[in-house]
Amino acid sequence: MSPANTPNTAPPDADDPPPVPPEAPAPEECCNSGCIPCVYDTYNEAMDEYRAALKAWRARHGEKE
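An account of the accompanying structure is given in this report. (Residues numbered from 1 in each chain as written. Predicted model: local features only at pLDDT ≥ 70, side-chain atom pairs only at ≥ 80, totals over all residues. Heavy atoms only, no water.)

Some points on the overall build of the protein chain
Point 1. Counting its regular elements, the protein chain contains one helix and zero strands.
Point 2. Within the protein chain, the fraction of its 65 residues that count as buried is 11%.
Point 3. Across the protein chain, contacts joining residues at least 24 apart in sequence account for 45% of those joining residues at least 6 apart. (Helix = DSSP H or I, 4+ residues; strand = E, 2+ residues; numbered from the N terminus. Buried < 20%, exposed > 50% of the residue type's maximum accessible area, 1.4 Å probe, protein only. Contact = heavy atoms within 4.5 Å.)

In structure tokens, the structure reads:
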């Protein structure tokens, strides 16, 4: 079969890429004033969501933690 007749199949992971971790805030982004929420609080929540998404992704792809 010539390449022109090959079905257009994407690799299995193409439709389900691994989650991307959030970017950590730079030290100067925290004003140390006790803001609620602090940029670090927001980052920690985003990391919790990332970890859960990564765990689910690994389970779907048969990878161990």
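On we go.
A closer look at the pattern of salt bridges
Point 1. For the coordinates displayed, the defined rule picks out two salt bridges.
Point 2. The shortest N-O distance in the salt bridge between Arg60 and Asp16 comes to 2.8 Å. One end of the pair, Arg60, is in helix H1 (residues 39-60); the other, Asp16, is in the segment before H1, with 44 residues separating them in the sequence.
Point 3. A salt bridge links Arg51 to Asp48; its shortest N-O distance comes to 3.2 Å. In this pair, Arg51 and Asp48 are both assigned in helix H1, three residues apart and thus about one turn of the helix distant.
Point 4. Exposure remark for Arg51: the relative accessible area of 48% places this residue in the partly exposed category.
Point 5. Of the residues examined, Asp48 reaches a relative accessible area of 47% and is grouped as partly exposed. (Salt bridge = Lys/Arg side-chain N within 4 Å of Asp/Glu carboxyl O.)

Here's the deal with unusual backbone geometry
Point 1. Following Ile36, the chain continues to Pro37 via a peptide bond in cis, the omega torsion being 0°.
Point 2. For Pro37, the position within the fold is in the segment before H1.

What about the state of the cysteines?
Point 1. Evaluated as defined, the whole model comprises zero disulfides.
Point 2. This cysteine, Cys38, is not joined by any disulfide, and Cys30 carries the nearest cysteine sulfur, 3.8 Å off.
Point 3. On the basis of relative accessible area, Cys38 is assigned to the buried category, the value being 17%. (Disulfide = S-S within 2.5 Å.)

Structural notes on H1
Because each turn of an α-helix spans 3.6 residues, side chains separated by three or four positions in sequence point in the same direction.
Point 1. Its 22 residues give H1 an end-to-end C-alpha distance of 31 Å, which sits within 8% of 32 Å, the value for a rise of 1.5 Å per residue.
Point 2. What H1 keeps buried is the set Met47, Tyr50, Leu54 and Trp57. Each buried residue of H1 sits inside an arc of 90° when the element is viewed along its axis, so together they form one side. Residues of H1 that are exposed and point over 90 degrees away from its buried face: Glu45, Glu49, Lys55, Ala59 and Arg60.
Point 3. Following H1 by one or two positions, Gly62 has its phi on the positive side, about 70°. (Expected span 1.5 Å × (residues − 1). Arc of directions from axis to C-beta.)

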